[in-house]
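Residues per chain are reported as follows:
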Number of protein chains: 2
Amino acid sequence: MMNFTLRQLRYFDALARLGHFGRAADACAISQPAMSMQIRELEEALGSELFERGARQVRLTQLGEDFAGRVGEILRAVDELEDVARAARDRLTGRLRIGVIPTVAPYLLPAIIGELTRVHPELDIRIRETVTPNLLEELAEGRLDTAIVALPVSEASLTETPLFEETFVLVRPKSDEAKPVPNREALREMRLLLLEEGHCFRDQALSFCAMRSARPRELLDGSSLSTLVQMVGAGIGVTLIPEMAVGVETRSAAVSVARFEGPQPSRTIGMIWRRTSPLAYRLAEIAEIVRRAAAAERAA
Amino acid sequence: MMNFTLRQLRYFDALARLGHFGRAADACAISQPAMSMQIRELEEALGSELFERGARQVRLTQLGEDFAGRVGEILRAVDELEDVARAARDRLTGRLRIGVIPTVAPYLLPAIIGELTRVHPELDIRIRETVTPNLLEELAEGRLDTAIVALPVSEASLTETPLFEETFVLVRPKSDEAKPVPNREALREMRLLLLEEGHCFRDQALSFCAMRSARPRELLDGSSLSTLVQMVGAGIGVTLIPEMAVGVETRSAAVSVARFEGPQPSRTIGMIWRRTSPLAYRLAEIAEIVRRAAAAERAA
DNA sequence: ATTCATCATCAGAAATAATTATCAGAAAGA
DNA sequence: TCTTTCTGATAATTATTTCTGATGATGAAT
């Protein structure tokens, strides 16, 4: 029942090629008896001889000849394993599944993807855009490698690293442009348009206004920041959006953007991954790249 | 530099399929720590992790996923080696290179080949027909597995086993049919046609006549028994041929065949092979088949 | 016949792998 | 929360395998 070993196959290969126990042993950096023993063991495991030992030469039997080809193939495949592992170790290679929350994705992704593929062209990047709870679940199940969300997440099983801080700005109808910027209390009296349930940005906005939950009457839910801004442009109310979305979202709508005075509302965007992920230290590297891309994006 | 082992690949395969150290260890009939250690060793040899150990589950990393396929292939190929060896051991399979001397080949081969392929249909039989010295050389060099020649050969490195005894008969012109059969002395005075140098049958015929070597004048060399018989039919002289050749060779020529009186000239035909040949015990079996085929042929 | 080359064999040493017992961390249930 | 349970890691020990260096045996070459 004793199965043979890879070592024996390597010795066999050497002996098959060199046809000489002593030289094959040298080639394998072992002593000649070790070579003899392992070959014999291999033959015993097989129940047939692979070599015909003449006094002057060692010849492959027909079975040996057959083996030589097959074993060569096997050893090639085995050595390939090492290559595969090395390639995976040296460069960041293959699939990288990134999850991103919807209030960040449209504004950050172009820059991130551009920078990542520039630095690691062999990377196969897959993006998943959904709300934080979904991202956390998929991360835990191993369907995502990392996610970009608002911190903190406070999951012991996850590592988190901040990427950048982003402030929220007020978006109101163009007609309000000249009016003073409302403070938090004043804001509470206005018609505040928010994203639908599930988006963390909704909670962050509410939290800024010191509102526990939305008063159903006065609020209208939108499914994306774009929608909210369009609604503002139509004079339905006001909304908050992250600084980063300003450029893209307010271009085509008749709205005005204003910064709050005093304490700026803001949130921290960060990257998270399973603490146990073998990509962990790779992901730290990727976080750095993303940080750079985000900084460049915000500067523009 | 330490390379990994087949054993580790088998353990890896089990773990990759079962996703559980304990169960994989059971499947491999080892303890769980042994499994853990070997997997870790494999990972260390590769320099990358193959599994991501979660508290509740063991998941393949991307590299591990890649490995799973490759390792499966490798193990399949390795197990195939065993199959190949077993097939070679159980049945006589593959190539069998038989050398035969020219004074036996045409008469014996049809029966031998027929019988051998009947008993071992998977046998790939190759025939080499040449004179004994060539056969011995090719046998020694491993270019032949066995040879059928006249015994004795008396080479210590070769095993020989007799197949059958065959007597020589006199072939003379049809016109001589009524004359008494000459004895050895009388034969010496006749024009004896012989095979050219190198054929053992030439030496055996000369030896019967108690002649050391042929007297150049009186002899004429032929390159085959057929030629000799044709020459006899043309009235050029007389010749000896092995009993076994009578049926084939004297059919179409105007010759008469006569047995000698008293001590019959004869030779032993046998099979030889390298004592070191791993086919040795197989060849004994083949010799038995050949013996049977020859007996059947001679009976007909 | 003697020497040389070459592979086999042996006994002890070194390296490898296995076992049992135990630990530590995370998930699940009370 | 606080256990309990599940799971893999670690440690110490034992068993097995593999290697080496010395020696033996055998056939080929001088």
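All figures in this text were calculated on a predicted structure; none of them were measured in a lab. The residue count restarts for each chain, going from 1 along the sequence in the order it is written. Written order decides the labels, with chains lettered from A and ligands numbered from 1. Local features are withheld for residues below a pLDDT of 70 in this predicted model, meaning they are given only at 70 or higher, and side-chain atom pairs are given and counted only at 80 or more; totals for whole chains, interfaces and linings count all residues. Excluding hydrogens and water, the side-chain values take into account all heavy atoms of the structure.

S.K.: Pulling in residues and values, what's your account of the environment of A14(A)?
M.R.: Residues and elements named next belong to chain A. Helix numbering and strand numbering both begin at the N terminus, where a helix is a DSSP run of H or I of at least 4 residues and a strand a DSSP run of E of at least 2. One can find A14 in helix α1 (residues 6-18). Think of it in three bands: residues with accessible area under 20% of the maximum for their type are buried, residues over 50% are exposed, and the middle band is partly exposed, with areas taken using a 1.4 Å probe on protein chains only. You can call A14 buried: its relative accessible area is 4%. C-alpha of A14 to C-alpha of A68: the two residues are 54 residues apart in sequence and 9.7 Å apart in space.

S.K.: Quick one: what's the story with the interface of chain B and chain A, residue by residue and with numbers?
M.R.: In what follows, a contact means two residues having at least one pair of non-hydrogen atoms within 4.5 Å. Contact residues are listed per partner, giving 41 residues for chain B and 41 residues for chain A. Summing both partners gives a buried area of about 3,400 Å² for chain B against chain A, and 58% of it is carried by carbon and sulfur. It is E52(B), Q62(B) and L81(B) that lose the most area in chain B upon contact with chain A, and together they represent 17% of the buried surface on that side. Salt bridge criterion: a side-chain nitrogen from Lys or Arg within 4 Å of a carboxyl oxygen from Asp or Glu. Summed over the shared surface of chain B and chain A, the number is four salt bridges. Here E52(A) makes a salt bridge to R274(B), at a shortest N to O gap of 2.4 Å. Side-chain atoms alone can form a polar contact between residues adjacent in sequence; in general such a contact is a pair of N or O atoms within 3.5 Å, and within protein one must be able to donate a hydrogen while the other accepts it. Between the two partners, chain B and chain A, sit six residue pairs in polar contact (both at pLDDT 80 or more). For the side of chain B that touches chain A, the secondary-structure elements that each account for two or more residues are α1 (6-18), β1 (51-53), α4 (62-90) and β3 (94-100) of chain B. Values labelled buried area give the accessible surface lost by two parts on being combined, using a 1.4 Å probe and summing over both.

S.K.: Tell me about the pattern of salt bridges, and please be specific about residues and values.
M.R.: If the charged atoms of two oppositely charged side chains come close together, the side chains can form a pair. What the rule picks out here adds up to 46 salt bridges over all chains. Two residues, E115(B) and R118(B), come together in a salt bridge whose shortest N-O distance is 3.0 Å. Linking E115(B) with R118(B), this pair stays in helix α5 (residues 105-119), spanning three residues, or about one helical turn. In the salt-bridge network here, residues are joined through shared partners; they are D66(A), R70(A), E73(B), R76(B) and E80(B).

S.K.: Summarise the protein's contact with DNA strand D; cite the residues concerned and give the values.
M.R.: Proximity criterion: a residue is near a molecule or strand once any of its heavy atoms comes within 4 Å of it. Lining the immediate surroundings of DNA strand D are 25 residues, of which R7(A), Y11(A), S31(A), S36(B) and R53(B) lie closest. Residue F21(B) places a main-chain N or O atom 3.3 Å away from a phosphate oxygen belonging to DNA strand D. Listed by contribution, the elements that provide at least two residues to the surface near DNA strand D are α1 and α3 (32-46) of chain A together with α2 (21-27) and α3 (32-46) of chain B. Considering every element that reaches the surface near DNA strand D, the biggest residue donor is α3(A), with five residues. Under this grouping Gly is polar, as are all residues other than the nonpolar Ala, Val, Leu, Ile, Met, Phe, Trp, Tyr, Cys and Pro and the charged Asp, Glu, Lys and Arg. Of the residues that constitute the surface near DNA strand D, the class distribution is 11 nonpolar, seven polar and seven charged.

S.K.: Before we move on, can you summarise helix α6 (residues 132-140) of chain A with the specific residues and values?
M.R.: All names here are of chain A. Considered for burial, the residues of α6 that qualify are T132, L135, E138 and L139. Buried residues of α6 fall within an arc of 130° about the axis and therefore sit on the same side. Check the buried side of α6 and you find it contacts β3 (94-100), β4 (123-129), β5 (146-151), β6 (158-173), α8 (200-208) and β11 (266-274). A positive backbone phi angle near 80° is found at G142, which sits one or two residues after α6. It is the directions from the helix axis to the C-beta atoms that the arc portrays.

S.K.: Tell me about the side chain of E249(A), residues and numbers included.
M.R.: All names here are of chain A. With respect to the secondary-structure elements, E249 resides in helix α10 (residues 246-249). Positive charges are assigned to Lys and Arg, negative charges to Asp and Glu, while His and the chain termini are left out of the count. Of the side chains with opposite charge, R251 comes closest to the buried, unpaired E249, at an N-O distance of 9.5 Å. Side-chain polar atoms of E249 contact the side chain of Y107, separated by 2.8 Å. Looking at E249, its side chain comes within polar contact range of the side chain of S226, at 2.6 Å. In contact with E249, other than residues within four places in its own chain, are Y107, S226 and V229.

S.K.: Residue-level account of the protein's contact with DNA strand C, with values.
M.R.: Taken together, 25 residues lie around DNA strand C, and S36(A), R53(A), R7(B), Y11(B) and S31(B) are the ones closest in. Each atom of DNA strand C within 4 Å of the protein belongs either to a base or to sugar and phosphate, the latter forming 71%. At 2.7 Å from a phosphate oxygen of DNA strand C is found a side-chain nitrogen or oxygen belonging to S36(A). At a separation of 3.2 Å, a phosphate oxygen of DNA strand C approaches a polar side-chain atom of E41(B).

S.K.: Explain the environment of V149(B) to me, using residue names and the numbers behind them.
M.R.: Residue and element names in this part refer to chain B. With respect to the helices and strands, the residue V149 is situated in strand β5 (residues 146-151). Sequence spacing of V149 and R10 is 139 residues, and the spatial spacing of their C-alpha atoms is 51 Å. Not counting the four nearest positions on each side in its chain, V149 is found in contact with I101, T132, L135, T268, I269, G270 and I272.

S.K.: Break down the nonpolar core for me, citing the residues and quoting the values.
M.R.: Proteins that are soluble and globular tend to have nonpolar side chains buried together. Residue and element names in this part refer to chain A. Buried Ala, Val, Leu, Ile, Met, Phe, Trp, Tyr and Cys residues that are joined via side-chain atoms within 4.5 Å together make up what is termed a nonpolar core. L116, I148 and M271 are the most contacted members of the largest nonpolar core, which has 64 residues in total. The dominant element in this core, judged by the number of residues it contributes, is β6, at seven residues. Composition of this core by domain shows at least three residues from each of domain 2 (96-159 + 273-299) and domain 3 (165-266). Beyond its immediate chain neighbours, meaning those up to four positions away, L116 contacts L96, I98, P121, L123, I125, I286 and I289. As annotated, the domain borders come from an automatic or database domain assignment.

S.K.: Let's hear about the side chain of E115(A): which residues, and what values?
M.R.: Residues and elements named next belong to chain A. Residue E115 is classed as buried on the basis of its relative accessible area of 16%. Side chain to side chain, E115 and R118 meet in a polar contact 2.9 Å long. In contact with E115, not counting residues within four places along its chain, are I289, R292 and A293.

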